[in-house]
Every structure is written in structure tokens, then in C-alpha cells.
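Residue strings, one per chain:
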Amino acid sequence: MNEIEINKHQTYKYKGLKIGIWKTADRKFIRRSWAAIYFGDLKFLSDRGKEIHKKFKYLYLWDCSLPDGNSYNHKFGEDCGIFYPTDRFEVTEAKAIAKAQNIIDLELEKVGMELFDSSLPTHVYNRETGQVTLRWCLLEDNYEL
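Below, the structure is looked at part by part. These numbers come from a predicted model, not from an experiment.

## Observations regarding the sheet that holds strand β2 (residues 8–14)
Within a sheet, each strand pairs with its neighbour through backbone hydrogen bonds, oriented either parallel or antiparallel.
1) Next: The strand order β2-β3-β4-β6 describes an open sheet built from 4 strands, whose pairing is antiparallel. Lying at the two open borders of the sheet, with one neighbouring strand each, are β2 and β6 (89–90).
2) Next: Looking at chain direction, strand β4 (residues 59–64) and β6 are connected through 2 bridges and run antiparallel. In the strand pairing of β6, Y60 is matched with E90.

In C-alpha cells:
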């Protein structure tokens, strides 16, 4: 089978949303991924590739929650621990976190949303729907508090 089950390594908060990071050192799995180049012959690697080869220990997979409650790579949820070599892995945890943060920034910009003043509560109760939601607002909306 061309898959692996791994546990979540870390969870980070960013702009009120959640970033999940998974990691694996399973060599058999890594050899079936694009990162197999770092196990190969060093003469085919660039100087940067050789530096990565020296430090390479894990593959890190990232995902992030979005304002609509969905996840970007659809890894959060029931089957979030099953991965394939074609999933979006990075060779460093920092790069995986940066990718997730970038996606959150792009998504927020795309939907035109921003977080209210951080000193206010992070969630609000909507009397019309009876639901508690993250405190996001459209940029063009002017809410009075």
C-alpha cells in the first residue's frame, strides 16, 4: 500500500485559526515521495540541496483551518492521519508553517475578512442563528460595538 498513518506533531494558532503539522521519518514512505532526491547521489544536488541533505530528518505535512471552517488540504477530520507520498510535504517544519500561514493570509484577503481588535472576545453569539462563531467581519462592514 502506498500510504502511511502518522500522528499530528504540533498545532499552532495563527490569526485566530489553527495550523496542524504532521511529521514522518519513515524512509520507505519518503523514498516514494518527491523528497527521495535527498537520499540519492549528492553529485546531482545543488549546493542548497546538499545542505538540505545534511539536515534532512523528517517530512512535514501542513494543513490549516480557514474562516469558513474548512481545511485547506482537507486533512483535519476523521481520516486526518492517513497520508500519501503525493501529499504536500515540506522538508522543514518552518517551511511547512510558513506555507500554512501564507494560505491563511491569501484566504483572508480573498474573502475580504479581518479580525476585530484582539482585546475583544474571539467568538461571538449570533442571535439570529443561535450559533457561536469566530469573530470575523467583512472589511466593508462597519460594526459598532
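On we go.
## Quick word on the nonpolar core
1) Next: In this structure, Y38, F56, L59, F83 and F89 are the most contacted members of the largest nonpolar core, which totals 17 residues.
2) Next: Of all elements in the fold, only α1 (27–31) and β4 reach the threshold of two or more residues within this core.
3) Next: Sequence-distant contacts of F89, that is, excluding residues within four places in its chain, are made with I6, T24, F29, W34, L59, Y60, L61, F83 and Y84.
4) Next: Y14, I97, I103 and I104 belong to the second largest nonpolar core, which has 14 residues in total.

## What to know about the pattern of salt bridges
1) Next: Counted under the stated rule, the structure contains 3 salt bridges.
2) Next: We note a salt bridge from D105 to K15, for which the minimum N-O separation is 2.8 Å. With D105 in helix α3 (residues 93–111) and K15 in the loop between β2 and β3 (17–24), this pair connects stretches of sequence that are 90 residues apart.
3) Next: Among the residues examined, D105 registers a relative accessible area of 27% and is labelled partly exposed.
4) Next: Given the relative accessible area of 42%, K15 is considered partly exposed.

Calculation notes
- Along each chain, residue indices are assigned from 1 in the same order as the chain's sequence is written.
- Two thresholds apply to this predicted model, a pLDDT of at least 70 for residue-level local features and 80 or more for giving and counting side-chain atom pairs, whereas whole-chain, interface and lining totals are computed over all residues.
- Side-chain numbers come from the whole structure's heavy atoms, not from hydrogens or water.
- A pair of strands is labelled paired if DSSP reports no fewer than 2 bridges between them.
- What counts as a helix is a DSSP run of H or I of at least four residues, what counts as a strand is a run of E of at least two, and both are numbered from the N terminus.
- Definition used in this section: a nonpolar core is a set of buried Ala, Val, Leu, Ile, Met, Phe, Trp, Tyr and Cys residues joined via side-chain atoms within 4.5 Å.
- Only protein chains enter the calculation, and the probe is 1.4 Å; a residue is then buried if its accessible area is under 20% of its type maximum, exposed if over 50%, and partly exposed in between.
- Here, residues are in contact when the closest pair of their heavy atoms is within 4.5 Å.
- Here, a salt bridge means any Lys or Arg side-chain nitrogen found within 4 Å of an Asp or Glu carboxyl oxygen.

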